[in-house]
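The residues making up each chain are set out below.
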Amino acid sequence: MDSKDDVELQTRSANSMLTTSLTRKPRNSHSNDDEALIRLGKRPLLNRSFGFMSILGLSCSALCSWEGILVTSVPSLLTGGPAAVIWSFVVGWIGITSVYTVMAELASIAPTAGGQYYWVAMMAPESCANFFTYLTAWLTTLAWQAIAITTTYLITTTLQGVVALARPSYIPLPWHTLLIMWAAIALAVLVNSTTGRFLARLEGLILILHLVGFFGILVPLVYFSPHNAPSVVFTTFFDNGGWGSQGLTFFVGLPSIASTLIGADCAVHMSEEIQSASTVVPQAMLYTIFINGSLAFAMTIALMFCLTDIDAAIAAAETMFYPFLEVFQSGVGSTAGAVVMASVVLILAAASSVGVYASASRMIWSFARDNGLPFSRHLAKLTKRSSLPIYAVFATMGIASLISLIVLGSSVALSALLSLIVAALYSSYLLVCGLFLWRRCTGAFQNAEDASDPPEGLVWGPWKLPEPFGILNNIFACLYSAVLLFWSFWPQTVAPTPETFNWSILIFGAVVLFSVVWYILRARHSFKGPIKEI
């Protein structure tokens, strides 16, 4: 590429300068997107390679919903029974739809890769905006890193479970787990190191595989398996956690089921690479929740009907990691058939890691662009040829590779770290939904047709809920986020062991404490919120 086609972007904050290479783009059909981004104070650096179908494919595969429910349903099933799994999913699906509807409105207003932390900076009172922005950015960034590692760990243990299913003599060792995790990380990073155009086309294909694979699993499972009675599936509750109340048991198991639909905001963090982002991102988020919610709900019902021997499935988890492998084997009556079905889940889980690592790296890049991370100057750089945040991609790879070393010592320690996901993301959701409710109730937002040119203050985007439904939904989203955040810290049983203890309160508290201390000591001098590049 000729040097005349390359320019340098210099963004200044109080104490630092970030230099990022920028490919000069011709005026084209994406100019409206770029102009909207410029109004938000950000230069359009990334190529807009994603359309509606490709970003829908990325977000649907990143959620990995019907595949994920095969794993996330286990804690609630063991403590609350089949009915607890079914109704927890219904509550979680309604709740997360409400939350993502609020986020869809905000994504239409300000479609930036920073997502939650940019919105907090936009809406928070000036006196505390920088602190809340910094805290939200740290929580969201670390949560997406944890999602990336969790996805890799699930891919690895699923593969080991499939091997154990096919060859019962196989004994998975920690170093096996580590090497497979590194291979899965390398695969995701390799795909993310290609051009954005290739990634967009790949995600469209993954969406088709995501849908076809669902029916490839559901049909033989339901057709060949013996079935429980409907009363067992929809009305049977347990209290194996010893809480003395089915209501408590239900709420304790709710976060693990609700985590199945976490991550639709990946579309937000890719928004600077999406065409017509202010309308496509909201649509992609809500279509993702509808499609993935429907698939996961159908798989949940099928799994509960086909899980006729709970004790055998739980026992199989000791050797094959996950009970659903035993359900597949006993259901179709063939080890080979079960291996093929499990391999479909494995391939789709591996495909989901591509979108997860893409979103995690964009979150790092966005935070570094605003001088919020160590080595921000390097992490914010883009490749000249394809405008990819390659250093952020490699940083995600490095973080995942280092943290995966924990499996050599204890899988409990790794699980403790990964428990950060629900608490970190829902705390950011709660803060964003709360500020949005405050701002919309006080009339801070203007309609686009009433705003000045250029607009001043907060202006509604092209996608929003009509009132009073917007406010009512916003209130419900706040309540649901608060409830789920509260119960995400509870253990599954009254007397937990180190293996069953919920470590999220410790990990979340440590992250928040570190963020506060670091902000007081250093970050408040260098981090001034999202930098106005223009």
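1. Remarks on the overall build of the protein
In terms of helices and strands, the protein carries 21 helices and four strands. Residues classed as buried in the protein amount to 57% of the 534 residues present. Contacts in the protein between residues far apart in sequence, at least 24 positions, make up 80% of those at least 6 positions apart. Carbon and sulfur atoms make up 67% of the accessible area of the protein, which amounts to about 21,100 Å² in all.

2. Side note on the confidence of the model for the protein
With 90% of its residues at a pLDDT of 70 or more, the protein shows a mean pLDDT of 84. Element-level mean pLDDT values for the protein span from 35 in strand β2 (residues 17-23) up to 94 in helix α20 (residues 469-487).

3. A short note on the environment of M123
With respect to the secondary-structure elements, M123 resides in helix α5 (residues 116-123). Separated by 335 residues in sequence, M123 and L458 have C-alpha atoms that sit 8.3 Å apart. With near-sequence residues (within four places) excluded, M123 lies in contact with L106, V432, L435, F436, W438, R439 and F445.

4. Regarding the packing of aromatic side chains
Under the definition given, this model contains 36 aromatic pairs. Consider the rings of Y426 and Y480, whose centres lie 6.0 Å apart with planes at 70°: the pair is edge-to-face. Linking Y426 in helix α19 (residues 420-441) with Y480 in helix α20, this pair joins segments that are 54 residues apart in sequence. Of the two residues, Y426 and Y480, neither departs from the other in class, the shared state being buried. Taken together, the aromatic side chains of Y117, F131, F132, Y134, W138, F367, F514, W518, Y519 and F527 make up a single cluster linked through ring pairs. The ring of W460 carries the charged tip of K464 above its face, separated from the ring centre by 4.5 Å.

5. Comments concerning the side chain of Q145
With respect to the element layout, Q145 can be found in helix α6 (residues 129-166). In contact with Q145, not counting residues within four places along its chain, are A360, I364, T396 and I399.

6. Describing the nonpolar core
I55, W119 and F328 are the most contacted members of the largest nonpolar core, which totals 129 residues. Per-element tally for this core: the top contributor is helix α12 (residues 277-306), with 14 residues. With residues up to four places along the chain from it excluded, the contact list for F328 reads L70, I217, L221, A338, M341, A342 and V345. The next biggest cluster of nonpolar side chains, apart from the first, holds 21 residues, and it includes W138, L382, A395 and Y519.

7. Here we look at the packing of helix α4 (residues 82-109) against α19
Axes are the key here: two packed helices are described by the angle between their axes and the distance separating the axes. Direction vectors running N to C along α4 and α19 enclose 65°, while the axes themselves pass 10 Å from each other. Two packed elements cross with a definite hand, and for α4 against α19 that hand is left-handed. Contacts from I96, V99, Y100, V102, M103, E105, L106 and I109 of α4 reach α19 at Y426, Y429, V432, C433, F436 and R440. By residue class, the composition of the contact of α4 with α19 is twelve nonpolar, no polar and two charged.

8. Here's the deal with helix α21 (residues 504-526)
When the local axis directions of α21 are compared, the greatest deviation, roughly 65°, occurs at Y519. Along α21, the residues classified as buried are S504, I507, F508, V511, S515, Y519 and A523.

9. Quick notes on the pattern of salt bridges
Evaluated as defined, the whole model comprises six salt bridges. Among the ionic pairs, R48 bridges to D34, the shortest N-O distance being 3.2 Å. Of this pair, R48 sits in the loop between α1 (31-39) and α2 (52-63) while D34 sits in helix α1, and the two are 14 residues apart along the sequence. Accessibility classification places R48 together with D34 in one group, the buried group. The residue R440 makes a salt bridge to E467 at a minimum N-O spacing of 2.9 Å. Taken together, the positions of R440 in helix α19 and E467 in the loop between β4 (458-459) and α20 put the pair 27 residues apart, joining distant regions of the chain. Through salt bridges with shared partners, one network takes in E105, R440 and E467.

10. A short note on empty space enclosed by the protein
To find leftover empty space, one rolls a probe the size of a water molecule over the atoms. With the rule as written, the count across this model stands at one cavity of 30 Å³ or more. Of the volumes computed, that of the largest cavity is approximately 100 Å³. Of all the secondary-structure elements, those providing two or more residues to the lining of the largest cavity are α3 (65-80), α12, α13 (310-320) and α14 (323-332). When residues of the lining of the largest cavity are assigned to their parent elements, the largest contribution, five residues, is made by α3.

11. With respect to a nonpolar patch on the surface
A cluster of nonpolar side chains, namely I171, L173, W175, L179, W182, L402, L405 and L408, defines an oily patch on the protein surface of about 800 Å² accessible area. With three residues, helix α7 (residues 174-192) is the single largest residue contributor to the nonpolar patch. With respect to the helices and strands, L402 occurs in helix α17 (residues 390-403). Residue class for L402 comes out exposed when judged on its relative accessible area of 60%.

12. Structural notes on the environment of L485
Residue position: L485 is located in helix α20. What makes L485 buried here is its relative accessible area of 15%. Separated by 59 residues in sequence, L485 and Y426 have C-alpha atoms that sit 5.9 Å apart. Sequence-distant contacts of L485, defined by excluding residues within four places in its chain, comprise A423, S427 and L430.

13. Notes on unusual backbone geometry
The omega torsion across E467 and P468 is 5°, close enough to zero to call that bond cis. Of note, P468 is situated in the loop between β4 and α20. If you check the backbone angles, F321 has positive phi at about 75° while not being a glycine. Structurally, F321 can be placed in the loop between α13 and α14. Its relative accessible area of 28% is what places F321 among the partly exposed residues. A positive phi is found at N371, a non-glycine position, where the angle reads about 65°. Examined against the element boundaries, N371 turns out to sit in the loop between α15 (335-369) and α16 (376-379). On the basis of relative accessible area, N371 is assigned to the buried category, the value being 12%.

What counts, and at which threshold
- Positions within a chain are numbered from 1, following the residues in the order the chain's sequence is written.
- Thresholds applied to this predicted model are a pLDDT of at least 70 for local features of residues and 80 or more for the giving and counting of side-chain atom pairs; totals over whole chains, interfaces and linings are not thresholded and use all residues.
- Each side-chain value is derived from all of the structure's non-hydrogen atoms; neither hydrogens nor water enter the calculation.
- In this text, helices come from DSSP runs of H or I with a minimum length of four residues, and strands from runs of E with a minimum of two, each type numbered from the N-terminal end.
- Each residue's exposure class comes from its accessible area (1.4 Å probe, protein chains only) as a fraction of the maximum for that residue type: buried when under 20%, exposed when over 50%, partly exposed otherwise.
- It only takes one pair of heavy atoms within 4.5 Å for two residues to be counted as in contact.
- Accessible surface is estimated by sampling points in the Shrake-Rupley manner with a 1.4 Å probe; for residues, cover comes only from the protein chains shown.
- A residue's pLDDT is the confidence the predictor assigns to it, expressed on a 0 to 100 scale.
- Two aromatic rings from Phe, Tyr or Trp, using only the six-membered ring of Trp, form a pair when their centres are within 6.5 Å; if the ring planes differ by under 30 degrees the pair is stacked, by over 60 it is edge-to-face, and anything between is tilted.
- A ring is scored as having a charge over it whenever the NZ atom of a lysine or the CZ atom of an arginine sits within 6 Å of its centre and within 35 degrees of its normal.
- What is meant by a nonpolar core is a set of buried Ala, Val, Leu, Ile, Met, Phe, Trp, Tyr and Cys residues, joined one to another through side-chain atoms within 4.5 Å.
- The axes used here are C-alpha line fits, helices contributing only the stretch in contact, and every angle between their N-to-C directions lies in the interval 0 to 180 degrees.
- Two helices cross in a left-handed way if the nearer one is turned anticlockwise from the farther one by less than a right angle. They cross in a right-handed way if the turn is clockwise.
- Three classes are used, and their members are as follows: Ala, Val, Leu, Ile, Met, Phe, Trp, Tyr, Cys and Pro are nonpolar, Asp, Glu, Lys and Arg are charged, and the others, Gly among them, are polar.
- The quantity called bend is, for any residue, the angle between two axes fitted respectively to the seven residues ending at it and the seven beginning at it.
- The term salt bridge refers to a side-chain nitrogen of Lys or Arg lying within 4 Å of a carboxyl oxygen of Asp or Glu.
- Using only the protein atoms, space was sampled on a 1 Å grid; points where a 1.4 Å probe fits but cannot get out form cavities, open sets with protein on both sides within 12 Å along at least five of seven lines form pockets, and lining residues are those with an atom within 4 Å of a point.
- Grid points are joined across faces, edges and corners, and a volume is the space filled by probe spheres set on the points.
- Put simply, a patch holds well-exposed residues, over 30% relative accessible area, that have no salt bridge, with like charges counted together within 9 Å and Val, Leu, Ile, Met, Phe, Trp or Tyr side chains within 5 Å.

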